[in-house]
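# Topology and contacts: notes
Okay, here's what each chain looks like letter by letter:
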Amino acid sequence: MPGVSVRGLSHEKRRQLAVNLTRVLALYRSILDAYIIEFFTDSLWDTLPSSWQEALDGLKPPQLATLLLGMPREGEEIRYRSVWPLTLLALKSTACALAFTRTPGFQTPSEFLENPSQSSRLAAPFRKHVKPKKQHEIRRLGELVKKLSDLTGCTQVVDVGSGQGHLSRFMSLGLGLMVKSLEGNPRLVERAQRLDQELLQALDKMEKRHPKVVQRASRHSPHHIVQWVSPTALCDELLLPLEAPCQGSTRLLLTGLHACGDLSVSLLRHFCCCSEVVALASVGCCYMKLSEPGSYPLSQWVTGLPGHELPYRLREGACHALEDYAKRLQKAGPGLQAHCFRAALETVIRRACPELRRPGVQGIPRVHELKIEEYVQQGLQRVGLDPQLPLDLAALWAQQAQGNRVVAFFSLALLLAPLVETLILLDRLLYLQEQGFYAELLPIFSPELSPRNLVLVATKTPLGQAFSVLETEDN
């Protein structure tokens with residue numbers, strides 16, 4: 001989808017974008033604030049303007065993907081069956097115009113063309129135990145970190161929230177970087193160390209078989225440390241060098257692949273407060289886990305804007321995968337009825353136990369094969385209520401008939417969700433600029449593979465046109 005490219009936006013234009021975003025989000029707050037499981041209990045359809053109801057009512061999922069989300073199938077033309085109200089068209093245009101573009105600035109290679117489970121751009125030993133999505137991510141972010149490290153003269157990379165160490169292994173054993181990995185879960189650290197040894201053995205075997213072909217990088221394995229990084233305090237371990245630099249001082253580059261919630265904010269604070277940290281490359285996620293207050297807003301500018309507040313529901317919605325949902329709409333599979341079934345279950349729960357609202361329902365397998373009354377009975381059991389409660393079958397069937405309306409309302413909320421993510425990331429950019437640093441947002445992953453694909457790149461010295469080098473794909 002088209003949108004706003006951060007590159008080339010002046011500081012003033014970034015501030016104005018924040019103003020526009022807060023105004024638009026305030027205007028459509030009722031849609032963003034709504035929980036789809038309350039579609040029937042709160043009569044969400046009736047909260048929409050009647051002209052919107054008329055335009056959206058009766059649209060099938062593939063039509064919603066094409067007409068509302070603006071994601072037609074390849075070769076498909078966008079044709080409206082009726083004249084849509086200007087207010088709905090304005091919503092669609094505004095959502096598209098104000099969100100950061102998540103389309104990479106390079107021609108994405110067909111790395112999975114030969115084999116959908118193996119990236120042709122990643123050596124075989126680095127693909128083992130790694131799903132295609134993560135293969136794509138560690139290669140792209142690792143290569144960006146290598147370029148950024150070279151541009152800023154970093155002596156060490158610190159991978160924060162490193163998990164099983166897939167990114168750290170690629171950066172160290174694949175790209176020759178000196179890498180320290182911090183992970184708070186000791187079991188993941190043990191797993192990462194075992195995978196390091198397994199990879200080293202595989203690389204040795206590959207080198208013996210193909211000594212003239214394999215170009216071995218430095219065999220510095222990543223240094224894994226069990227360390228939880230606080231969102232409010234600086235971490236001394238993070239700043240310690242693995243070895244004394246040959247000359248000059250330690251220069252650290254911090255990175256985090258989908259640093260969850262407050263962890264991405266912690267990386268920003270270490271970058272701003274610590275002289276040893278000279279560069280940052282962070283891909284955030286799980287915005288609903290951000291602490292309030294403290295992790296949003298960060299910038300003085302956004303803090304001073306009316307309507308800047310982003311409660312949990314808005315931040316949770318910003319993590320949904322718009323492209324993936326559009327594909328589900330195009331396929332119009334029976335799994336889409338899960339939204340409607342869960343909303344119907346909520347009406348039964350509240351009738352039986354009015355004080356029980358929005359309870360978590362453990363996953364019900366094979367929803368698409370169940371009748372709505374069977375789903376409701378299983379759902380009641382999962383929330384601790386009697387599954388044999390008498391059901392109003394006529395009411396449930398009437399609700400099931402409104403399945404496309406439920407999907408349409410959910411699609412409206414998803415259309416607006418990228419604006420929330422844009423405001424969160426824009427706030428981080430403005431915060432860094434207010435501290436006197438240089439920051440950009442680059443879409444480096446394919447959004448179809450990895451919806452959270454915007455990496456925040458920051459340096460303490462201007463890189464100028466060098467930022468464009470970070471975006472390019474080496475062919």
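Residues numbered from 1 in each chain as written. Predicted model: local features only at pLDDT ≥ 70, side-chain atom pairs only at ≥ 80, totals over all residues. Heavy atoms only, no water.

- An unreviewed UniProt entry lists the chain under the name Methyltransferase domain-containing protein, from Myodes glareolus.

### Topic: the overall build of the chain
- When helices and strands are counted, the chain shows 19 helices and seven strands.
- Its C-alpha atoms give the chain a radius of gyration of 24 Å, near enough to 23 Å, the size a compact globule of 475 residues would have.
- Put simply, the chain has 475 residues, and 53% of those count as buried.
- Nonlocal contacts in the chain, meaning residues at least 24 apart in sequence, comprise 75% of its contacts between residues at least 6 apart.
- Carbon and sulfur atoms make up 52% of the accessible area of the chain, which totals about 21,500 Å².
- Side chains of the chain give 53 positive and 47 negative charges; the mean places of these two sets differ by 4 Å. (Helix = DSSP H or I, 4+ residues; strand = E, 2+ residues; numbered from the N terminus. Rg over C-alpha atoms; globule rule 2.2 N^0.38 Å. Buried < 20%, exposed > 50% of the residue type's maximum accessible area, 1.4 Å probe, protein only. Contact = heavy atoms within 4.5 Å. Areas by Shrake-Rupley, 256 points an atom, 1.4 Å probe, with all protein chains shown as cover. Lys, Arg positive; Asp, Glu negative; His and termini not counted. Charge placed at Lys NZ, Arg CZ, Asp CG, Glu CD.)

### Some words on helix 14 (residues 322–331)
- Residues of helix 14 that are buried: L322, E323, Y325, A326, L329 and Q330. Buried residues of helix 14, seen end-on, are gathered within an arc of 160° and therefore sit on one face of the element.
- The elements touched by buried residues of helix 14 are helix 4 (61–68), helix 15 (338–352) and helix 18 (403–434). (Arc of directions from axis to C-beta.)

### A word on the pattern of salt bridges
- Inspection of every chain in the model, using the stated rule, returns 18 salt bridges.
- Between E440 and R14 there is a salt bridge, with its nearest N and O atoms 3.1 Å apart. Of this pair, E440 sits in strand 6 (residues 438–443) while R14 sits in helix 1 (residues 11–27), and the two are 426 residues apart along the sequence. Exposure class is identical for E440 and R14. Each is buried. (Salt bridge = Lys/Arg side-chain N within 4 Å of Asp/Glu carboxyl O.)

### Things to note about the sheet that holds strand 6
- Here seven strands make up an open sheet; going across it, the order is 3-2-1-4-5-7-6 and the pairing mixed. Looking at which strands have only one partner, the edges of the open sheet turn out to be strand 3 (223–226) and strand 6. For this sheet the average axis-to-axis angle between neighbouring strands, irrespective of direction, equals 15°.
- Here strand 5 (residues 277–285) pairs with strand 7 (residues 454–459) via four bridges, running antiparallel. Pairing of S282 across the sheet is with L456, part of strand 7. (Pairing = 2+ DSSP bridges. Axes fitted to C-alpha atoms, helices over the stretch in contact; angles between N-to-C directions.)

### Some points on unusual backbone geometry
- Cis geometry is adopted by the peptide bond preceding P297, which originates at Y296 and carries an omega value of -10°.
- By the secondary structure assignment, P297 is in the loop between strand 5 and helix 12 (300–303).
- With phi around 50°, C286 is a residue other than glycine that occupies positive phi space.
- Tracing the backbone shows C286 in the loop between strand 5 and helix 12.
- On the basis of relative accessibility, which here comes to 19%, the residue C286 falls in the buried class.
- Phi is positive for R366, close to 55°, though the residue is something other than glycine.
- Among the secondary structure elements, R366 is positioned in the loop between helix 15 and helix 16 (372–382).

### Overview of the environment of T155
- Of note, T155 is situated in the loop between helix 7 (132–152) and strand 1 (156–160).
- Note on T155: relative accessible area 36%, which makes it partly exposed.
- Along the backbone, T155 and T250 are 95 residues apart, and their C-alpha atoms lie at a distance of 6.2 Å.

### Quick notes on the packing of helix 11 (residues 262–273) against helix 18
- The N-to-C vectors of helix 11 and helix 18 enclose an angle of 10°; their axes lie 11 Å apart at closest approach. Here helix 11 is positioned roughly parallel relative to helix 18, judged by the angle of their axes. Contacts from S264, V265, L268, R269, F271 and C272 in helix 11 reach R428, Y431 and L432 in helix 18.
- Across the contact of helix 11 with helix 18, the residue classes break down as six nonpolar, one polar and two charged. (Parallel < 35°, antiparallel > 145°, perpendicular 65-115°, else oblique. Nonpolar A, V, L, I, M, F, W, Y, C, P; charged D, E, K, R; others polar.)

### Topic: the packing of helix 14 against helix 18
- Packing of helix 14 against helix 18 leaves a shortest axis separation of 10 Å and a crossing angle of 155°. On the basis of their axis angle, the class for helix 14 and helix 18 is roughly antiparallel. Here helix 14 and helix 18 pass one another in a crossing that is left-handed. Seen from helix 14, the contacting residues are L322, Y325 and L329; seen from helix 18, they are V407, F410, S411, L414, L415 and P418.
- Of the residues that constitute the contact of helix 14 with helix 18, the class distribution is eight nonpolar, one polar and no charged. (Left-handed = near helix turned anticlockwise from the far one by under 90°.)

### What about helix 18?
- For helix 18, built from 32 residues, the straight-helix expectation of 46 Å at 1.5 Å per residue is met to within 8% by its first-to-last C-alpha distance of 47 Å.
- Its axis deflected by about 30° at L416, helix 18 carries its strongest bend there, up to four residues before the proline P418.
- By the criterion of burial, helix 18 is predominantly enclosed, with 28 of the 32 residues buried.
- At the C-terminal side of helix 18, G436 shows a positive phi close to 90°. (Expected span 1.5 Å × (residues − 1). Bend = angle between axes of the 7 residues up to and from the residue.)

### Observations regarding the nonpolar core
- Membership of the largest hydrophobic core comes to 115 residues, with the highest contact counts inside it found for I31, F39, L56, L88, F100, L412 and L432.
- For this core, the leading source of residues is helix 18, giving 20 residues.
- Excluding residues within four positions of it along the chain, L412 makes contact with I31, L48, W52, L56, L68, L88 and L91.
- Among the nonpolar cores identified, the runner-up in size contains 31 residues, and L122, L167, L442 and V457 belong to it. (Core = buried A, V, L, I, M, F, W, Y, C linked by side-chain atoms within 4.5 Å.)

### Structural notes on the packing of aromatic side chains
- In this structure the tally under the stated criterion is seven aromatic pairs.
- Ring geometry for F39 and F409: centres 6.3 Å apart, planes at 75°, overall edge-to-face. Of this pair, F39 sits in the loop between helix 2 (29–33) and helix 3 (50–56) while F409 sits in helix 18; the two residues are 370 residues apart in sequence, bridging distant segments of the chain. In terms of burial, F39 and F409 fall into one category: buried.
- An angle of 85° between the planes, with centres 5.6 Å apart, marks the rings of F126 and F170 as edge-to-face. (Phe/Tyr/Trp six-rings, centres within 6.5 Å; stacked < 30°, edge-to-face > 60°.)

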